[in-house]
Amino acid sequence: MIELTDISKTYVMGNQEVCALCGVDLTVRKGELIAIMGPSGSGKSTLMNLLGCLDRPTTGRYRFENREISAMSDDELANVRNVKIGFVFQSFNLLPRFTALKNVEMPLVYSGISSQARTERALPVLERVGLKDRIYHKPTELSGGQQQRVAIARALVNTPPLLLTDEPTGNLDSHSGTEILNILVDLHQQGVTIIIVTHDQKVAAR
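The rules behind these values
- Residues numbered from 1 in each chain as written.
- Predicted model: local features only at pLDDT ≥ 70, side-chain atom pairs only at ≥ 80, totals over all residues.
- Heavy atoms only, no water.
- Disulfide = S-S within 2.5 Å.
- Pairing = 2+ DSSP bridges.
- Helix = DSSP H or I, 4+ residues; strand = E, 2+ residues; numbered from the N terminus.
- Axes fitted to C-alpha atoms, helices over the stretch in contact; angles between N-to-C directions.
- Contact = heavy atoms within 4.5 Å.
- Buried < 20%, exposed > 50% of the residue type's maximum accessible area, 1.4 Å probe, protein only.
- Core = buried A, V, L, I, M, F, W, Y, C linked by side-chain atoms within 4.5 Å.
- Salt bridge = Lys/Arg side-chain N within 4 Å of Asp/Glu carboxyl O.

> So what's going on with the state of the cysteines? Which residues, and what values?
Covalently bonding the sulfur atom of one cysteine to the sulfur atom of another cysteine gives a disulfide. According to the stated counting rule, one finds one disulfide in the structure shown. Of all cysteine sulfurs, the one in Cys 19 lies closest to Cys 53, which takes part in no disulfide; the gap is 20 Å.

As structure tokens, then:
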């Protein structure tokens, strides 16, 4: 599914160049569940942004499903991000004025799907993550664990083959974190390829 070859990402800070990623090689096969580990500042988020087509490498090659990322236009990359990749972040990134249902529907809005069809697709995904009775609650009316479940449902609503999760349990207590990991493991067993970026040894061990 993913093949990185000699990937580097360099940032210019003042008069200095900082190499956030230096010569990374990585292969991710369809159906794998992997953890990318490292302390703060080691380049995990930079790598996540490149894998998710949110940024481009300075040098090296990135092939996703046998397509060269560097050869894609901005519109093609946007389509890959919306259809092929689901994103789950530590900070949830939910829209506070919208219900759980409307938050999950957002990727479908960008796909031009009708309102009724969006609801029909979002409801079973929310049920899949155990939020059938919370669909009309706004983020402020949900616990941290429930907000992360909404974020996972939003990431899954377009049935992407790849799920990228950046510190998905970082803002949660241990009980909620375990529940989120259980959901991710279940999704992996259903065939979703998942990459978890974490600094937590327990998360990686799971």
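> Account for the sheet that holds strand 7 (residues 162-166), naming residues and giving values.
Think of a sheet as strands paired side by side through backbone hydrogen bonds, with each pair either parallel or antiparallel. Taking strand neighbours across the sheet as the criterion, the four strands line up as 3-8-7-6 in an open arrangement whose pairing is parallel. Only two strands of the sheet have a single neighbouring strand rather than two, namely strand 3 (33-37) and strand 6 (85-89). Across this sheet, the average inter-strand angle for adjacent strands is 15 degrees, counted without regard to direction. When strand 3 meets strand 8 (residues 193-198), the two strands line up parallel, connected through five bridges. Paired with Met 37 across the bridge in strand 8 is Thr 198. Packing against the sheet, helix 1 (residues 44-51) makes contact with strand 3, strand 6, strand 7 and strand 8, and its axis sits at approximately 155 degrees to strand 7. Docked against the sheet, helix 6 (residues 174-189) engages strand 3, strand 7 and strand 8, running at close to 150 degrees with respect to strand 8.

> Got a sec to walk through unusual backbone geometry? Specific residues and values, please.
At Cys 53, a position not held by glycine, the phi torsion is positive, near 60 degrees. Along the chain, Cys 53 turns up in the loop between helix 1 and strand 4 (59-64). In the Ramachandran plot, Asn 93 falls in the positive-phi region, its phi being about 55 degrees despite a non-glycine side chain. Along the chain, the position of Asn 93 falls in the loop between strand 6 and helix 3 (100-110). You can call Asn 93 partly exposed: its relative accessible area is 43%.

> With reference to specific residues and values, describe the nonpolar core.
In terms of nonpolar packing, the biggest core is built from 33 residues, with Leu 126, Ile 152, Leu 163, Leu 184 and Leu 187 touching the most fellow members. The element contributing the most residues to this core is helix 5 (residues 144-156), with six residues. Once residues within four sequence positions are removed from consideration, Ile 152 is found in contact with Val 88, Val 129, Ile 180, Ile 183, Leu 184 and Leu 187. Of all hydrophobic cores here, the second largest spans 27 residues; its members include Ile 7, Leu 51, Tyr 62 and Met 72.

> Quick one: what's the story with the pairing of strand 4, residue by residue and with numbers?
As paired elements, strand 1 (residues 2-13) and strand 4 share five bridges and run antiparallel to each other. Pairing of Glu 3 across the sheet is with Arg 63, part of strand 4. Here strand 4 folds back onto strand 5 (residues 67-68), and the loop between the two strands holds two residues, one of which, Glu 65, carries a positive phi near 50 degrees.

> So what about the pairing of strand 6? Which residues, and what values?
For strand 6, a buried count of four out of five residues is recorded, marking the element as mostly surrounded by other parts of the structure. Two elements, strand 6 and strand 7, share five bridges in a ladder whose sense is parallel. Considered in strand 7, the bridge of Phe 87 is made with Leu 164.

> Talk me through the pattern of salt bridges; I want residue IDs and the actual numbers.
All chains considered together, the criterion is met by 10 salt bridges. Put simply, Glu 68 and Arg 61 hold a salt bridge, and the shortest N to O gap is 3.1 Å. A relative accessible area of 18% places Glu 68 in the buried class. Notably, a salt bridge pairs Arg 67 with Glu 76, separated by 3.4 Å at the nearest N-O pair. According to the relative accessible area criterion, Arg 67 is partly exposed, its value standing at 41%. Looking at Glu 76, the relative accessible area reads 32%, which means it is partly exposed. One salt-bridge network, held together by shared partners, links Arg 61, Arg 63 and Glu 68.

Interpretation in functional terms is not warranted from these geometric data alone.
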